[in-house]
Amino acid sequence: MSTKSTDNHSGRPGSATASAAATVANLGPGYDVLGLCLSAPRDSVRVERTGSGSVELVAVSGDGGALPRQPHRNCASVAARAVLERFGRPGDGLRVWLNKALPLGSGMGSSAASAVAAAMAAGHVLAPGVARLELLDACREGERLATGVPHPDNVAPSLLGGIVACVPRGGEAVEVVRLPSPAGLWVACVKPDVTVRTADARAVLPETVPLADAVRQLAEIAGFVGALANGDLELLGRSLGDVLVTPYRERFIPGFRAACDAARGAGALGAGISGSGPTVFALAGDEPRARAAADAMQAVFGSRGHRALVTVSVVDPSGARIESSAPSG
Ligand code: HSE
């Protein structure tokens, strides 16, 4: 019996397209732990199941030619390969097309969105119905490729949606905890036209921290999670303090402090670095204040000679999604 007829009996699609959105990781005090999913922009990945036994990266678009085309060096094909290795049947292979919508090196989880879209599409054609949490480790392989570390705080929210905490559970294992997302919470993201490589932004961080700083950070996290649980947006805005990471990274972002101040002055609850930057995010209690905060931050960057890209979004509760799929043959 051919692979194709077997698949027709078992219902595996022959191809699928999935999309996955930008994310804001760290969220102030939650370095490598907290993240939330935006509704846009979204990368999309099409995969086609083959009988080649290997992964081929057919095309990459929307990146201006900046991303690697070799399958072992691209986050999307690396994540697809990880899904193939875990869920594929003997002889299964994949062809992969990546369409980028996220800006590269933005701190909005660009590599994560590509990896998550690829893993979702690959999971759909190799093991339809697989629980999306089962794809998390494959997505993290994309992050390992991009940054040297399989940090989960972008891929987990992009995959699952909402606001999540990634709790380390020994070795590289993490337990992903979904946190409540208060009604009315909006996110403004403004990316100045500077590039920050996540690997560089990680390299500047100290290996050890003073106990007093760790305690301060724990208190901010407690405030943050309590604010989500109680739907207390004002407390949420007061709980974005970060003494462990931001002080070392803000030098990469021209006008960072002024941008945060401008966002708060325009009505935002609070602000901070999105992921490893250079995007600055602000949380707001409604869309008008989110847009006003975005405008204010954009003006700060503009006054320093930097063009800036604006994204204003709610927290997306759904995460990655299958956009289309087709039977084999
Ligand atoms: N937690 C990661 C970091 C997110 O801050 O390095 C990267 O977007």
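Starting from 1, residues in each chain are numbered consecutively following that chain's sequence as written. With the structure being a predicted model, the display of local features is reserved for residues of pLDDT at least 70 and the display and counting of side-chain atom pairs for 80 or more, all residues being used for whole-chain, interface and lining totals. Side-chain measures were taken over the full set of non-hydrogen atoms in the model, leaving aside hydrogen atoms and water.

Visitor: I'm lost on the domain arrangement of the protein in this one. Help?
Guide: By a widely used convention, the size of an interface equals the accessible area lost when the partners come together. Domains are outlined according to an automatic or database domain assignment. Annotation of the protein at the domain level lists domain 1 (15-180 + 319-326) and domain 2 (186-314). Inter-centroid distance (C-alpha atoms) of domain 1 to domain 2 is 24 Å. Opposite the 29 residues of domain 1 that make contact, domain 2 presents 36 residues. Of the roughly 2,200 Å² buried at the junction of domain 1 and domain 2 (both faces included), carbon and sulfur atoms supply 65%. Here the quantity called buried area is the accessible surface, traced with a 1.4 Å probe, that two parts lose on coming together, added over both. Sorting the residues of domain 1 by area buried against domain 2 places Gly-28, Pro-29 and Tyr-31 first, and these three jointly supply 24% of that buried surface. Criterion for a salt bridge: a side-chain nitrogen of Lys or Arg within 4 Å of a carboxyl oxygen of Asp or Glu. Joining domain 1 to domain 2, the criterion identifies one salt bridge. A salt bridge links Arg-202 to Asp-32; its shortest N-O distance comes to 2.6 Å. Pairs of N or O atoms within 3.5 Å make up the polar contacts considered here, provided that, within protein, one atom can donate a hydrogen while the other can accept it, and that residues adjacent in sequence are counted only when both atoms are side-chain atoms. Counting across the interface, domain 1 meets domain 2 through nine residue pairs in polar contact (both at pLDDT 80 or more). Going along the chain from the N terminus, every DSSP run of H or I of four or more residues is numbered as a helix, and every run of E of two or more is numbered as a strand. Sorting the residues of the side of domain 1 that touches domain 2 by element identifies strand S1 (13-25) and strand S2 (34-50) as the ones contributing at least two each. Ranked by residue count, the leading element in the side of domain 1 that touches domain 2 is S2, at seven residues. Throughout this entry, Asp, Glu, Lys and Arg are counted as charged residues, while Ala, Val, Leu, Ile, Met, Phe, Trp, Tyr, Cys and Pro are counted as nonpolar. The remaining residues, Gly among them, count as polar. Its residues assigned to classes, the side of domain 1 that touches domain 2 shows 18 nonpolar, ten polar and one charged. Contact definition: two residues touch when any of their heavy atoms are within 4.5 Å.

Visitor: What am I meant to see in the pairing of strand S7 (residues 186-192) here?
Guide: Counted residue by residue, S7 has seven buried out of seven residues, so it is predominantly covered. Only strands that DSSP links by at least two bridges are regarded as paired with each other. In the sheet, S7 pairs with strand S10 (residues 308-314) via seven bridges, with the strands oriented antiparallel. Among the inter-strand pairings, Val-187 is bridged to a residue of S10, identified as Ser-313. With a 1.4 Å probe rolled over the protein chains alone, any residue whose accessible area is under 20% of its type maximum counts as buried; one over 50% counts as exposed, and the rest are partly exposed.

Visitor: Help me understand the pattern of salt bridges in this model?
Guide: Two side chains with opposite charge may pair up if their charged atoms get near one another. Applying the stated criterion across every chain, the model contains 21 salt bridges. Where Glu-134 meets Arg-86, a salt bridge forms, and the shortest distance between an N and an O atom there is 2.4 Å. A residue pair is termed long-range when its members are at least 10 positions apart, and Glu-134 in the loop between helix H3 (110-126) and helix H4 (136-147) and Arg-86 in helix H2 (residues 75-87) qualify at 48 residues. Glu-134 sits in the partly exposed class, given a relative accessible area of 34%. With a closest N to O distance of 2.8 Å, Glu-250 and Arg-257 form a salt bridge.

Visitor: Would you mind going over the side chain of Glu-220 with me for this structure?
Guide: Mapped onto the fold, Glu-220 is located in helix H7 (residues 211-230). Residue classification places Glu-220 among the buried positions, given a relative accessible area of 11%. Discounting chain neighbours no more than four positions away, the residues touching Glu-220 are Pro-29, Arg-238, Ser-239, Leu-240 and Gly-241.

Visitor: Mind showing me how you'd approach the confidence of the model for the protein here?
Guide: Close reading of the predicted structure is inappropriate where its pLDDT is low. Each residue carries a pLDDT value, the predictor's own confidence for that position, ranging from 0 to 100. Of the residues in the protein, 97% reach a pLDDT of 70 or more, and the chain-wide mean stands at 95. Note on residues 1-6: pLDDT is under 50 here. Beyond four places in sequence and across chains, it has five contacts.

Visitor: It is not clear to me how the site of the ligand should be interpreted in this structure. Could you clarify?
Guide: Only heavy atoms are used to decide nearness, and a residue is near a molecule or strand if one of them lies within 4 Å of it. All residues adjacent to the ligand are Ala-25, Asn-26, Tyr-31, Asp-32, His-151, Asp-153, Asn-154, Thr-198, Arg-202, Arg-249, Gly-275 and Ser-276. Asp-153 places a side-chain nitrogen or oxygen 2.7 Å from a nitrogen atom of the ligand. In the model, an oxygen atom of the ligand is placed 2.7 Å from a nitrogen or oxygen of the Arg-202 side chain. What sets the accessible areas is the Shrake-Rupley method with a 1.4 Å probe; for residues, cover comes only from the shown protein chains. Starting from 260 Å² of accessible surface for the ligand in isolation, the protein chains cover 98%. Across the shell around the ligand, the residue classes break down as two nonpolar, six polar and four charged.

Visitor: Explain unusual backbone geometry to me, please; I cannot follow it from the model alone.
Guide: For the bond from Ala-40 to Pro-41, the omega torsion is -5 degrees, close enough to zero to count as cis. Tracing the backbone shows Pro-41 in strand S2. Following Gly-277, the chain continues to Pro-278 via a peptide bond in cis, the omega torsion being 10 degrees. You can see Pro-278 is positioned in the loop between strand S8 (270-273) and strand S9 (280-284). In this model, Leu-27 sits at a positive phi of 50 degrees, which is unusual for a non-glycine residue. Note that Leu-27 resides in the loop between S1 and S2.

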